[in-house]
Amino acid sequence: MTKENLQNIRKIASTFFTNNHILDIKAINSGNINNTFLVSTDSISINKKFILQSINSDVFKNPKDIIDNYSKLEDNILTNLDQVLLRYPRKWFFPKLIKNIVDKTNYKLIDDVYWRSFEYIDFTKTIETITSDSQAYYLLEGLAIFHLLTIKANPDNYITTISNFHNTPKYLSQLYSVVTSLRQNEIHNHKILKEIDLVLKFVSLNKNEAFSLINSSSRKSLSFRLIHGDPKVSNFLFDFSTNKVVSLIDLDTFQMGYLLFDLADCLRSCCNPLGEEPEDISIVHFDLNYYQSALNGYFSIYKDKLTKADIFYLPYSIRTITYELGIRFLTDYLCGNTYFNSNYPTQNLYKAKVQFALLKSIHAQWNKVIKITNSLSM
C-alpha cells in the first residue's frame with residue numbers, strides 16, 4: 001500500500017472512528033472482490049479494531065442493497081441466536097455494522113464508492129485451507145449452524161444482489177461468447193486462445209457438469225431458500241482456543257438459491273487441502289477423509305432438514321460447483337480480470353486450472369464419494 005493510498009484509507013476510516021485514535025491500517029488480501037482493511041485504534045473500549053471495506057460496484061451494481069440486506073440479516077440472526085445456541089451450545093458472533101460518525105448511516109459514500117465498517121471479532125482467525133479432519137468437521141458444523149440461524153428468514157425481505165448467481169449453464173454460455181469474440185480477433189487468437197486450448201478442451205468435454213441440477217427431474221424436491229452463496233474456507237472465523245467455527249462472514253451474496261450450492265461449495269473448498277493456488281497443480285486432489293469428516297459435521301446438526309433429493313444430488317452438485325468456479329475464473333481471465341481480484345495477469349487462468357484438476361480428482365474417486373455420502377446419510 002503506497003503512502004498516498006494509506007492516507008486516503010485513513011481519511012475514510014476516520015469517518016467511522018476519530019482519526020487521531022487510528023494507530024494502524026493493514027490490507028486484508030484474502031478476498032476475491034472487495035478491498036478490505038483492518039484498522040487498529042487506541043480506543044479504551046473493547047472494540048479496539050474494526051474492519052473497513054469498499055464495495056466493488058462493478059460486481060454489485062447496487063451496493064446499497066447489500067448493506068440493507070446485511071442490516072436485515074443482522075436483526076434476523078440476533079433474534080434467533082439464543083434459541084439455536086440453547087440447543088447447540090457454543091460461541092457464535094455476527095459482526096455488526098458500525099455507523100459512521102458523520103451522518104450515522106451504515107455506510108459512507110466517498111467519490112461514488114460505498115464504504116462500510118464492521119466489528120472486528122477478536123481472538124479468531126481465518127484460514128485458507130483445511131489441515132485436519134477436526135477442522136473439516138468444525139467447518140461444516142459451522143455452516144449448519146448458519147443455516148439454522150437463517151432458516152426462518154423471510155425471502156421477501158431480501159434483495160437479489162447478483163442475478164443468475166450459480167446459474168452454471170449461463171456462466172458456460174458467457175464463456176463460449178467470450179471465446180467466440182476472441183477468435184474473431186486474430187491478435188487475441190494467437191496470444192491467448194492457443195495458450196488455453198487444452199483448458200477449453202476440458203471445459204467442452206465436461207460441459208454436462210453444468211446441467212446436472214438444471215436437468216434434474218427432482219429439482220422441485222431440492223431445498224430452495226436463502227443461502228450464503230460463497231461459503232469457502234476463508235469466509236469462516238475459527239476460535240483461537242477451541243478451533244471451532246464461531247462466525248461466517250462475507251455475506252454480500254446472501255440471497256435465494258439451492259441449499260446444495262452452499263453445501264457443495266463449502267465441501268469443494270474444504271476438501272481441496274492445497275487451496276486455490278498450489279505450487280504444483282499435478283498433486284491437487286479431493287481429500288476423502290476431509291469429505292467424510294465434513295459431512296459428519298454438517299449432518300450432526302442439519303441432516304434431518306435435508307430432503308432425499310438434496311442428499312442424492314449432493315455429490316453431483318460438488319462436481320457442478322467446482323466446474324462452475326473453474327469456468328468463472330477462466331472467463332474472467334479472458335475478459336482481462338475484471339471480476340476477481342488478481343495480483344498477476346495469469347492468476348485467474350491458473351485458478352481455473354486448479355479447479356479443473358480438482359474436478360478430475362473427484363471423477364477419479366467418484367465411487368468412493370458416493371459410498372461415503374450414502375453411508376453417512378442413512
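Above this text is the structure in question.
What counts, and where the lines are drawn
- Residues numbered from 1 in each chain as written.
- Predicted model: local features only at pLDDT ≥ 70, side-chain atom pairs only at ≥ 80, totals over all residues.
- Heavy atoms only, no water.
- Helix = DSSP H or I, 4+ residues; strand = E, 2+ residues; numbered from the N terminus.
- Rg over C-alpha atoms; globule rule 2.2 N^0.38 Å.
- Buried < 20%, exposed > 50% of the residue type's maximum accessible area, 1.4 Å probe, protein only.
- Contact = heavy atoms within 4.5 Å.
- Areas by Shrake-Rupley, 256 points an atom, 1.4 Å probe, with all protein chains shown as cover.
- Expected span 1.5 Å × (residues − 1).
- Pairing = 2+ DSSP bridges.
- Axes fitted to C-alpha atoms, helices over the stretch in contact; angles between N-to-C directions.
- Parallel < 35°, antiparallel > 145°, perpendicular 65-115°, else oblique.
- Left-handed = near helix turned anticlockwise from the far one by under 90°.
- Nonpolar A, V, L, I, M, F, W, Y, C, P; charged D, E, K, R; others polar.

(A) Geometry of the overall build of the chain. Along the chain, the regular secondary structure elements total 11 helices and 10 strands. Over its C-alpha trace the chain gives a radius of gyration of 21 Å, about what one expects of a compact globule, namely 21 Å for 378 residues. Along the first, second and third principal axes, the C-alpha atoms of the chain reach 60 × 60 × 40 Å. Within the chain, the fraction of its 378 residues that count as buried is 54%. The long-range share in the chain, meaning contacts at least 24 apart out of those at least 6 apart in sequence, stands at 73%. When the accessible surface of the chain is split by element, carbon and sulfur atoms take 50% of a total near 18000 Å².

(B) Expanded view of helix α4 (residues 168-183). Along its 16 residues, α4 runs 23 Å from first to last C-alpha, staying within 8% of the 22 Å computed at 1.5 Å per residue. Regarding α4, the residues found buried are Thr168, Pro169, Tyr171, Leu172, Leu175, Val178, Val179 and Leu182.

(C) Layout of the sheet that holds strand β8 (residues 236-239). The strand order β6-β8-β9 describes an open sheet built from three strands, whose pairing is antiparallel. Here the strands that pair on one side only, and so sit at the sheet edges, are β6 (124-125) and β9 (245-248). Relative to β9, β8 runs antiparallel, the two sharing three bridges. Opposite Phe238, over in β9, you have Val245 as the bridge partner.

(D) Main features of the packing of helix α6 (residues 197-205) against helix α10 (residues 347-364). In contact at an axis separation of 11 Å, α6 and α10 are set at 45° when each is read in the N-to-C sense. It follows that α6 is oblique to α10 by the angle criterion. Crossing of α6 against α10: the hand is left-handed. Touching Val199, Phe202 and Val203 of α6 are Lys353, Phe356, Leu359 and Lys360, all from α10. Along the lines of polarity and charge, the residues of the contact of α6 with α10 split into five nonpolar, no polar and two charged.

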